[in-house]
Amino acid sequence: MMDNQRDTKAWLKAVADHMNLSLSKLALNSGMAASTLTRYFNDTTGTVGITQSTLENVAKYSGFRPGQLPGRSTSGMAEPDALPYANDNEPHPGWIDAAVKAAKDGRNSVEAWVMKGGALDGMGIMPGDIVLIDLGRRPKTGDIVIAQIIDPVRGTAETVMRLYQAPFITSHSMRLGPQRPEQVDDDRVSIAGTAIGIIRTPS
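Just so it is clear, the structure is predicted and the values come from calculations on it, not from any experiment.

Criteria and thresholds
- Residues numbered from 1 in each chain as written.
- Predicted model: local features only at pLDDT ≥ 70, side-chain atom pairs only at ≥ 80, totals over all residues.
- Heavy atoms only, no water.
- 1 Å grid on protein atoms, 1.4 Å probe; cavity = no way out; pocket = protein on both sides within 12 Å on 5 of 7 lines; lining within 4 Å.
- Points joined across faces, edges and corners; volume = space filled by probe spheres on them.
- Helix = DSSP H or I, 4+ residues; strand = E, 2+ residues; numbered from the N terminus.
- Nonpolar A, V, L, I, M, F, W, Y, C, P; charged D, E, K, R; others polar.
- Core = buried A, V, L, I, M, F, W, Y, C linked by side-chain atoms within 4.5 Å.
- Buried < 20%, exposed > 50% of the residue type's maximum accessible area, 1.4 Å probe, protein only.
- Contact = heavy atoms within 4.5 Å.
- Arc of directions from axis to C-beta.
- Lys, Arg positive; Asp, Glu negative; His and termini not counted.
- Salt bridge = Lys/Arg side-chain N within 4 Å of Asp/Glu carboxyl O.
- Polar contact = N/O pair within 3.5 Å; in protein donor to acceptor, adjacent residues only side chain to side chain.
- Pairing = 2+ DSSP bridges.
- Axes fitted to C-alpha atoms, helices over the stretch in contact; angles between N-to-C directions.

**Q** Would you explain the layout of surface pockets in this entry?
**A** Rolled over the atoms, a probe sized like a water molecule indicates the empty space that remains. Counted as a void, the largest pocket has a volume near 630 Å³. Lining the largest pocket are 25 residues, and of these Glu56, Glu90, Lys116, Pro127 and Gly128 lie nearest its centre. If you list the elements that add at least two residues to the lining of the largest pocket, you get helix H4 (52–62) and strand S2 (110–115). Tallied by class, the residues present in the lining of the largest pocket amount to 10 nonpolar, 8 polar and 7 charged.

**Q** Even after reading the chapter, I still don't get the nonpolar core, so can you show me in this structure?
**A** One recurring pattern in soluble globular proteins is that nonpolar side chains are buried together. Of all hydrophobic cores here, the largest spans 32 residues; its most connected members are Trp11, Leu12, Leu26, Leu37 and Met161. Secondary structure elements with two or more residues in this core: helix H1 (5–18), helix H2 (23–29), helix H3 (35–42), H4, S2, strand S3 (130–134), strand S4 (144–151) and strand S5 (156–165). Per-element accounting of this core gives the leading share, 4 residues, to H1. If we skip the residues at most four places from it in the chain, Leu37 touches Leu12, Leu23, Leu26, Ala27, Met32, Ile50, Thr54 and Val58. Core analysis: the next-biggest nonpolar cluster, separate from the first, contains 10 residues, Val110, Ala112, Ile130 and Leu132 among them.

**Q** How do you make sense of helix H5 (residues 94–104) when you look at a structure like this?
**A** An α-helix turns once per 3.6 residues; consequently, residues spaced three or four apart project the same way. Buried residues of H5: Ile96, Val100 and Ala103, and no others. All buried residues of H5 fall inside an arc of 65° around its axis, so they share one side. Facing away from the buried side of H5 by more than 90 degrees, the exposed set consists of Gly94, Lys101 and Ala102.

**Q** Can you help me understand the environment of Ile144 in this one?
**A** As for its placement among the helices and strands, Ile144 is situated in strand S4. C-alpha of Ile144 to C-alpha of Ile196: the two residues are 52 residues apart in sequence and 8.4 Å apart in space. Excluding residues that lie within four positions of it along the chain, Ile144 makes contacts with Leu120, Met123, Ile125, Met161, Arg162, Leu163, Gly193, Thr194 and Ala195.

**Q** Help me understand the side chain of Asp134, please; the structure alone is not making it clear to me.
**A** For Asp134, the position within the fold is in strand S3. Buried and without a salt bridge, Asp134 has Arg137 as its closest oppositely charged side chain, separated by 4.3 Å. A polar atom in the side chain of Asp134 sits 2.9 Å from the backbone nitrogen of Gly136. Every residue in contact with Asp134, bar those within four places of it in the chain, is listed here: Ser109, Val110, Gly193, Thr194 and Ile196.

**Q** Looking at this structure, how should I read the pattern of salt bridges?
**A** Opposite charge on two side chains makes pairing possible when the charged atoms of those side chains draw close. Under the counting rule described, the total for this entry stands at 7 salt bridges. With a closest N to O distance of 2.3 Å, Glu182 and Arg188 form a salt bridge. Judged by its relative accessible area of 10%, Glu182 is buried. Connected through salt bridges with shared partners, the residues Arg180, Glu182 and Arg188 form a single ionic network.

**Q** I keep staring at the pairing of S2 and nothing clicks. Help me out?
**A** Remark: a regular strand shows side chains that alternate across the two faces of the sheet. Counted residue by residue, S2 has 5 buried out of 6 residues, so it is predominantly covered. Pairing geometry for strand S1 (residues 82–84) and S2, over 3 bridges, is antiparallel. Bridged to Pro84 within S2 is Trp113. Across 5 bridges, the pairing between S2 and S3 is antiparallel. Across the sheet, the residue bridging to Glu111 is Ile133, located in S3.

**Q** What am I meant to see in the side chain of Asp81 here?
**A** Relative to the assigned elements, Asp81 resides in the loop between H4 and S1. Residue classification places Asp81 among the buried residues on the basis of a relative accessible area of 2%. In terms of polar contacts, Asp81 uses its side chain to reach the side chain of Arg162, at 3.2 Å. Those residues in contact with Asp81 that sit more than four places away from it in its chain are Arg65, Val114, Met115, Lys116, Gly117, Ala119, Glu158, Thr159, Val160, Met161 and Arg162.

**Q** Would you explain the sheet that holds S1 in this entry?
**A** Sheet strands associate in pairs through backbone hydrogen bonding, adopting either a parallel or an antiparallel arrangement. Pairing is antiparallel across the open sheet formed by 8 strands, whose spatial order is S1-S2-S3-S8-S4-S5-S6-S7. Across the chains shown, the open sheet's two edge strands, defined by having one partner strand only, are S1 and strand S7 (182–183). On top of the sheet, H5 reaches S2, S3 and strand S8 (189–199); it is set at about 145° to S2, its chief contact.

Worth remembering: the numbers are spatial, not functional.
Spelled out as structure tokens, the structure:
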């Protein structure tokens, strides 16, 4: 969740501008009433709020996590690019829990991760999809991988899901546009596992 109203409004405006949409059209495309975002954005009294579910609707449509500005891989306010299934607070239908359990059965090296961002929507992997990752499988070009990117300046580490194009990892997104590829050097950028399957979630 973003820290304050100014940050939230800046994010909404940046996303709308990047997608060449008005706030009204962005709201409609995100499955909400046209006035949902404009009423909040134009309010100067501080009495009109915005819900987390509204922000999540915009994020799911746009591919930008709350706080993630277009052209930036992350921000201090952004949610993770991907989360371990066990750590995801979103409710999942029972059949998804059963599918994840079956996929992991007897395979200690397999973990389930939930895609939270839109970095791979160009490959059909959408926010909410569950990707099965084999921590012991060596990646080859064209594989989807889980990787860790360390920022030595800020002292942070981000876990991301990306397309591996040796020796780089890169996004493949229709909505985010071109992003800078990151070179895998096993120091600042390292691959933790390779995708072996995807569980599609209902849209």
